[in-house]
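Each chain, letter by letter, is given below.
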Amino acid sequence: MLKKKHKGLLTIILARKGSRRILNKNLRKIGSNSLVEMTIKFALKLKNYSDVIVSTDDLKIIKIAKKYKVLVPGLRPKSLSGRYSSSLNVVKYVIKWYKNEFKKDVNGIILLQPTSPFRQLSLIVKSILSFKKRKFNYVSISKNKDYKKNKLYINKKNILELPSKNKVPNCYTNGNFYILNASKIKTNTLETILDSKTKGVMIKSKKFSLDIDTEKDLKEARRYNNILKKKNNLK
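The structure displayed is predicted, hence computed values, not measured ones. (Residues numbered from 1 in each chain as written. Predicted model: local features only at pLDDT ≥ 70, side-chain atom pairs only at ≥ 80, totals over all residues. Heavy atoms only, no water.)

### Notes on the overall build of the chain
Logical step 1: Across its full length, the chain holds seven helices and ten strands.
Logical step 2: In terms of C-alpha radius of gyration, the chain reaches 17 Å, essentially the compact-globule figure of 18 Å for 235 residues.
Logical step 3: Taking all 235 residues of the chain together, 49% fall into the buried category.
Logical step 4: Sequence-distant contacts in the chain: of pairs separated by 6 or more residues, those separated by 24 or more amount to 73%.
Logical step 5: Accessible surface for the chain amounts to roughly 13,300 Å². Of this, 50% is attributable to carbon and sulfur atoms. (Helix = DSSP H or I, 4+ residues; strand = E, 2+ residues; numbered from the N terminus. Rg over C-alpha atoms; globule rule 2.2 N^0.38 Å. Buried < 20%, exposed > 50% of the residue type's maximum accessible area, 1.4 Å probe, protein only. Contact = heavy atoms within 4.5 Å. Areas by Shrake-Rupley, 256 points an atom, 1.4 Å probe, with all protein chains shown as cover.)

Structure (structure tokens):
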């Protein structure tokens, strides 16, 4: 049973077994920790604001989640574990499970992807506190350069909009974090972002913007981790 005081927020980590480009991607290691372990360890730093749930169809990942004593709603159904399954449909499934299991309402979710292993705690906590006050969605973004996916337009008030003729795309969602109003989650991310006011949280660092999709990305993440390790050894 859930022992912590309910806070109305859930941190949800989606860690599907399959991967198109990198075999067992969420279990690949950066240093001594797998991508999913790195994300769970970070999520536990948010325990004063939310409860943590791992959703997966992988028994190995369930074992890791239980090691860190986070919630797991059993094996994810096959219907939600395919290559084209909607991440936000999985989120809705997890919310429903949580409500049924603990008889608690869920006001918002913090979505973390293991493929974004580096995060700034202070930036996410600030976004959580702003969400609790204003109920805007908060989504991490980076400046638009040659990135071809997830392009959006951010206006002067930091609200994300769909690009148009007069609103040239100037940013993209980098996947580092999503803080979303639970009652307004749609089937896909773009629809959810645009359906209600969503503030873009700019991340300028390449390290924190990294979303691992290829072996090259994984190699880059390991390089960042080695640099951090060397800096810590010098202290």
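That covers the picture; the talk isn't over yet.
### Description of the packing of aromatic side chains
Logical step 1: Within the structure shown, the criterion is met by three aromatic pairs.
Logical step 2: Centroid distance tryptophan 97 to phenylalanine 102: 5.9 Å. Interplanar angle 90°. Geometry classified as edge-to-face. This pair shows no difference in class: tryptophan 97 is buried, exactly as phenylalanine 102 is.
Logical step 3: Ring centres 5.2 Å apart and planes at 55° place the aromatic pair tyrosine 98 and phenylalanine 102 in the tilted group. Taken together, the residues span about one helical turn, with tyrosine 98 and phenylalanine 102 both in helix α3 (residues 87-102) at a distance of four residues.
Logical step 4: With relative accessibility at 0%, the residue tyrosine 98 sits in the buried group.
Logical step 5: Judged by relative accessible area, which is 11%, phenylalanine 102 ranks as buried.
Logical step 6: Taken together, the aromatic side chains of Trp97, Tyr98 and Phe102 make up a single cluster linked through ring pairs.
Logical step 7: The ring of phenylalanine 42 carries the charged tip of arginine 119 above its face, separated from the ring centre by 5.8 Å.
Logical step 8: For the cation-ring pair, lysine 207 lies above phenylalanine 118, with the distance from its terminal atom to the ring centre recorded as 5.5 Å. (Phe/Tyr/Trp six-rings, centres within 6.5 Å; stacked < 30°, edge-to-face > 60°. Lys NZ or Arg CZ within 6 Å of the ring centre and 35° of its normal.)

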